[in-house]
Amino acid sequence: DAKTTQPNSMESNEEEPVHLPCNHSTISGTDYIHWYRQLPSQGPEYVIHGLTSNVNNRMASLAIAEDRKSSTLILHRATLRDAAVYYCILIGNAGNMLTFGGGTRLMVKP
Amino acid sequence: KAGVTQTPRYLIKTRGQQVTLSCSPISGHRSVSWYQQTPGQGLQFLFEYFSETQRNKGNFPGRFSGRQFSNSRSEMNVSTLELGDSALYLCASSLVGTGTDTQYFGPGTRLTVL
């Protein structure tokens with residue numbers, strides 16, 4: 001699986017939007033872009049995924065660049081519960097092998 | 001629908017011993033993956049099983065092995081434990097394990113090797 005690059009940490013104020021960036025310049029045409037997050041003392045949980053078009057779900061939005069070399073996870077209104085490590089992962093269609101990078105530690109201030 | 005369950009939740013072993021960890025996937029899920037999480041190395045993929053066959057394998061020594069049963073339950077085994085094997089071991093299940101699948105993680109088994 002291709003490599004992703006994310007900032008080590010980001011800070012946000014509660015109730016404000018958060019944009020978490022991810023660079024994946026070596027993405028292949030069949031790689032899906034997945035985001036997972038890990039809250040303290042828990043296993044990772046799925047947030048969202050996409051291939052080419054922007055995606056929305058109840059948790060977040062995923063904006064994918066036209067060349068697919070980068071993407072941004074958008075939390076529309078950060079809450080304290082959103083404080084977690086966010087992982088951007090690329091996965092092909094040949095089996096489920098998530099390659100986690102360092103992720104971005106999101107801190108949310110009240 | 002019940003989530004992914006892992007047993008035991010905590011385990012203490014000594015160097016040289018072996019250990020078996022168990023994972024019960026979400027009902028209907030056929031793909032089970034295992035991950036090791038340590039403060040130094042982060043989350044690392046161990047292996048993935050689908051329909052009782054190992055389909056993908058990470059870069060771990062042969063002391064780490066696994067298997068999957070016909071009901072999709074999976075076990076992983078670590079033989080000749082080393083201090084560096086102390087970690088959180090996470091299991092994740094998904095329907096068929098493709099790029100569009102969501103993986104659901106269990107709470108993990110915290111292994112401490114003394």
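Above this note sits the structure.
Summary of the structure given here. It should be emphasised that the depicted structure is a prediction, and the values quoted were computed from it without experimental measurement. (Residues numbered from 1 in each chain as written. Chains lettered and ligands numbered in written order. Predicted model: local features only at pLDDT ≥ 70, side-chain atom pairs only at ≥ 80, totals over all residues. Heavy atoms only, no water.)

What follows concerns the interface of chain B and chain A. Each side of the interface is counted separately: chain B has 20 residues, and chain A has 18 residues. Contact between chain B and chain A buries roughly 1600 Å² in total, counting both sides, with carbon and sulfur atoms accounting for 53%. Here chain B and chain A share zero salt bridges between them. Counting across the interface, chain B meets chain A through two residue pairs in polar contact (both at pLDDT 80 or more). If one sorts the elements of the side of chain B that touches chain A by residue count, strand E4 (residues 31–38) of chain B sits on top with four residues. Residues that form the side of chain B that touches chain A fall into these classes: five nonpolar, 12 polar and three charged. (Contact = heavy atoms within 4.5 Å. Buried area = accessible area lost by both parts, 1.4 Å probe. Salt bridge = Lys/Arg side-chain N within 4 Å of Asp/Glu carboxyl O. Polar contact = N/O pair within 3.5 Å; in protein donor to acceptor, adjacent residues only side chain to side chain. Helix = DSSP H or I, 4+ residues; strand = E, 2+ residues; numbered from the N terminus. Nonpolar A, V, L, I, M, F, W, Y, C, P; charged D, E, K, R; others polar.)

Next up on the list: the sheet that holds strand E3 (residues 32–38) of chain A. Residues and elements named next belong to chain A. Spatially, E1-E9-E8-E3-E4 is the arrangement adopted by the five strands of the open sheet, whose pairing is mixed. Strand pairing shows two members of the sheet lacking a second neighbour, strand E1 (9–13) and strand E4 (45–50), which therefore form its edges. Each strand axis lies, on average, 25° off the axis of its neighbour in the sheet, ignoring direction. Of the strand pairs in this sheet, strand E8 (residues 84–91) and strand E9 (residues 104–109) are connected by three bridges, and their pairing is antiparallel. (Pairing = 2+ DSSP bridges. Axes fitted to C-alpha atoms, helices over the stretch in contact; angles between N-to-C directions.)

Now for the pattern of salt bridges. Inspection of every chain in the model, using the stated rule, returns nine salt bridges over all chains. When the shortest N-O distance is used, the salt bridge between Arg37 of chain A and Glu45 of chain A registers 2.7 Å. On the basis of relative accessible area, Arg37 of chain A is assigned to the buried category, the value being 4%. The shortest N-O distance in the salt bridge between Asp85 of chain B and Arg63 of chain B comes to 2.8 Å. Of this pair, Asp85 of chain B sits in the loop between strand E8 (74–78) and strand E9 (87–94) while Arg63 of chain B sits in the loop between strand E6 (53–57) and strand E7 (64–68); the two residues are 22 residues apart in sequence, bridging distant segments of the chain. Per residue, the accessibility class of Asp85 of chain B equals that of Arg63 of chain B, and both read buried. Taken together, the salt bridges that share partners define one network made up of Arg37, Glu45 and Asp82 of chain A. (Buried < 20%, exposed > 50% of the residue type's maximum accessible area, 1.4 Å probe, protein only.)

Glancing now at the packing of aromatic side chains. In this structure the tally under the stated criterion is nine aromatic pairs over all chains. An angle of 90° between the planes, with centres 5.7 Å apart, marks the rings of Phe100 of chain A and Tyr35 of chain B as edge-to-face. Residue Phe100 of chain A is found in the loop between E8 and E9, and its partner Tyr35 of chain B is found in strand E4; the two belong to separate chains. On the basis of relative accessibility, which here comes to 9%, the residue Phe100 of chain A falls in the buried class. Here the aromatic rings of Phe60 of chain B and Phe64 of chain B are separated by 5.2 Å at their centres, their planes lie at 65°, and the arrangement is edge-to-face. Counting every residue linked through ring pairs, the aromatic cluster contains Tyr36, Tyr46, Tyr87 and Phe100 of chain A together with Tyr35, Phe45 and Phe105 of chain B. Between the NZ or CZ atom of Arg55 of chain B and the centre of the ring of Phe50 of chain B, over which it lies, the distance is 4.4 Å. (Phe/Tyr/Trp six-rings, centres within 6.5 Å; stacked < 30°, edge-to-face > 60°. Lys NZ or Arg CZ within 6 Å of the ring centre and 35° of its normal.)

Moving on, we get to the state of the cysteines. Covalently bonding the sulfur atom of one cysteine to the sulfur atom of another cysteine gives a disulfide. All names here are of chain B. Under the defined criterion, the tally for this structure stands at two disulfides over all chains. Across the disulfide from Cys23 sits Cys91; the S-S distance is 1.7 Å. Here the S-S torsion is close to -45°, and the disulfide linking Cys23 with Cys91 is therefore left-handed. You can see Cys23 sitting in strand E3 (residues 19–24) and its partner Cys91 sitting in strand E9, a full 68 residues away along the chain. Exposure remark for Cys91: the relative accessible area of 0% places this residue in the buried category. (Disulfide = S-S within 2.5 Å.)

Before going further, it helps to examine the side chain of His49 of chain A. If you trace the backbone, His49 of chain A turns up in strand E4. For His49 of chain A, a relative accessible area of 18% gives the class buried. At 2.6 Å, the side chain of His49 of chain A and the side chain of Tyr46 of chain A are in polar contact. Residues within four places of His49 of chain A in sequence aside, it is in contact with Tyr32, Ile33, His34, Val55 and Leu62 of chain A together with Gly99 and Thr100 of chain B.

All names here are of chain A. Tracing the chain through its elements places Val85 in strand E8. In this structure, the C-alpha to C-alpha distance between Val85 and Phe100, residues 15 residues apart in sequence, is 11 Å. Not counting the four nearest positions on each side in its chain, Val85 is found in contact with Tyr36, Arg37, Gln38, Gly102, Gly103, Thr104 and Arg105.

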